[in-house]
Amino acid sequence: MKAALRMLFLSAMAWACASAAVAAGCGAVTIAEMKWGSAAIAANFDKIILEAGYGCSVEIVPGDTMPTFASMDGKGTPDVAPELWVKGVEIELSKAIAAGRLVEGAEILADGAVEGWWIPKFVADANPSIRTIEDALARPDLFPDENDPAKGAVFNCPTGWSCKITTQNLFKAYYAEAKGFNLISADTPKDLDASIADAFERKRGWLGYYWAPTALIGKYDMIRLGMGVPYSEMEWNTCTAVSGCARPRRNAYPTSQGVTVTTKAFADRAGPAMDYLRKRSWDNGTINDVLAWQDEHSESSRNAAVYFLENYPELWTTWVPEEIAARIKRAL
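Residues numbered from 1 in each chain as written. Predicted model: local features only at pLDDT ≥ 70, side-chain atom pairs only at ≥ 80, totals over all residues. Heavy atoms only, no water.

(A) Main features of helix α14 (residues 301–311). Those residues of α14 that fall on the buried side of the exposure criterion are S301, A304, A305, Y307, F308 and L309. In this fold, the buried residues of α14 make contact with β1 (28–33), α2 (37–54), α13 (284–297), α15 (313–316) and α16 (322–331). (Buried < 20%, exposed > 50% of the residue type's maximum accessible area, 1.4 Å probe, protein only. Helix = DSSP H or I, 4+ residues; strand = E, 2+ residues; numbered from the N terminus. Contact = heavy atoms within 4.5 Å.)

Dropping the structure here:
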């Protein structure tokens, strides 16, 4: 009996020491929660994994692509950006990695992210000649600006998103203003989503920037328009994605990488937790399903992350060692 108790005590001490070692190696962590759905779920998912599995103390902080990157590169905070879209900061990110300030982890969106200008399918079905941006811009009457009915509207991203810059430049490159369109910037991501939902509810035309994977593209039947030209990386890096570019030219969107980025300081002290951040990656179908569940049930990003953990163990358990997976399951 005494021997059994002693063995139980020693086992408990060993587990406690191992947990303490993990916690000491990870410590306090700040994670940027971007304002779009998949990235918000990723931030909460990482918080659960790092806290329950690796003993970290995680604080989620607000984020957006460009300000988060600038803060990580210049100030060394936050520690982790789970889903940073590379194209908006590609040159600067490469320089920061080469200089040893930032570290690239997993490509969290295994299939890449799709960007473009979209219209409702019911508009495309009623107007089969509209298949490209040029086609749509020839019909401002189909995409009216409610505040200026004589003109059409192209909807843009909120401030702080790199897509706001690219959409502004492409709006200019396709001479959209001269063709009778106003560029409408959304104040928040919810405002952009609401404009699409309203268009479908009222069966009105809608034209503007959006992306996938998202619950909204799964919920509403949208068609991504052709850009009429191939993607030019040189044009993208020197003008399309550059704020205030004087003479932008027509360009296509690339398939964007959504990658996990950490500060070098965090990567150096994270220990085994960094191994997880180098492996964690999901396909668009999976995250679209989670986003659709979240939208249908009006759940928080935290609860959507828990739903992910509860319903996709065959996926996430491949990103962590067995003993870490066991800790996380016990926490759930």
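And the narrative resumes.
(B) View of the nonpolar core. In terms of nonpolar packing, the biggest core is built from 99 residues, with F45 and L207 touching the most fellow members. Looking at this core, the element that brings in the most residues is α2, giving nine residues. Those residues within four positions of L207 in sequence are excluded, and the remaining contacts are W117, W118, I119, A136, L137, F143, A153, V154, F155, F181 and L225. (Core = buried A, V, L, I, M, F, W, Y, C linked by side-chain atoms within 4.5 Å.)

(C) Geometry of the side chain of D145. The topology assignment puts D145 in strand β6 (residues 144–145). Buried within the structure, D145 lacks any salt-bridge partner; its nearest side chain of opposite charge belongs to R204, at an N-O separation of 7.7 Å. (Lys, Arg positive; Asp, Glu negative; His and termini not counted. Salt bridge = Lys/Arg side-chain N within 4 Å of Asp/Glu carboxyl O.)

(D) Molecular detail of the pairing of strand β2 (residues 57–62). Pairing of β1 with β2 involves six bridges; the strand directions are parallel. Residue pairing in the sheet places A28 in a bridge with S57 of β2. Running through α2, the crossover from β1 to the neighbouring parallel element β2 is right-handed. (Pairing = 2+ DSSP bridges. Right-handed = clockwise from strand over helix to strand, strands pointing away.)

(E) Main features of helix α4 (residues 90–98). Along α4, the positions that sit buried rather than exposed are E90, L93 and A96. For α4, the buried positions fall inside an angular range of 125° around the axis, keeping them on one side. When the buried face of α4 is taken as reference, the exposed residues oriented beyond 90 degrees from it are K95 and A98. The elements touched by buried residues of α4 are α3 (65–75), β4 (102–107), α10 (233–240) and β11 (258–263). Immediately downstream of α4, the backbone of G100 shows phi near 85°, a positive value. (Arc of directions from axis to C-beta.)

(F) Structural view of the packing of α2 against α13. Between α2 and α13, the least distance of the axes is 10 Å, while the angle of their chain directions is 95°. By the criterion of interaxial angle, the relationship of α2 to α13 is roughly perpendicular. Contacts from G37, S38 and I41 of α2 reach α13 at I287, V290, L291 and Q294. A class-by-class count of the residues in the contact of α2 with α13 yields four nonpolar, three polar and no charged. (Axes fitted to C-alpha atoms, helices over the stretch in contact; angles between N-to-C directions. Parallel < 35°, antiparallel > 145°, perpendicular 65-115°, else oblique. Nonpolar A, V, L, I, M, F, W, Y, C, P; charged D, E, K, R; others polar.)

(G) Structural context of the confidence of the model for the protein chain. Summary statistics for the protein chain give a mean pLDDT of 91 and a share of 92% for residues scoring 70 or more. Residue range residues 1–24 is modelled with pLDDT below 50. Its contacts to residues more than four positions away, or to other chains, number ten contacts. (pLDDT = per-residue confidence, 0-100.)

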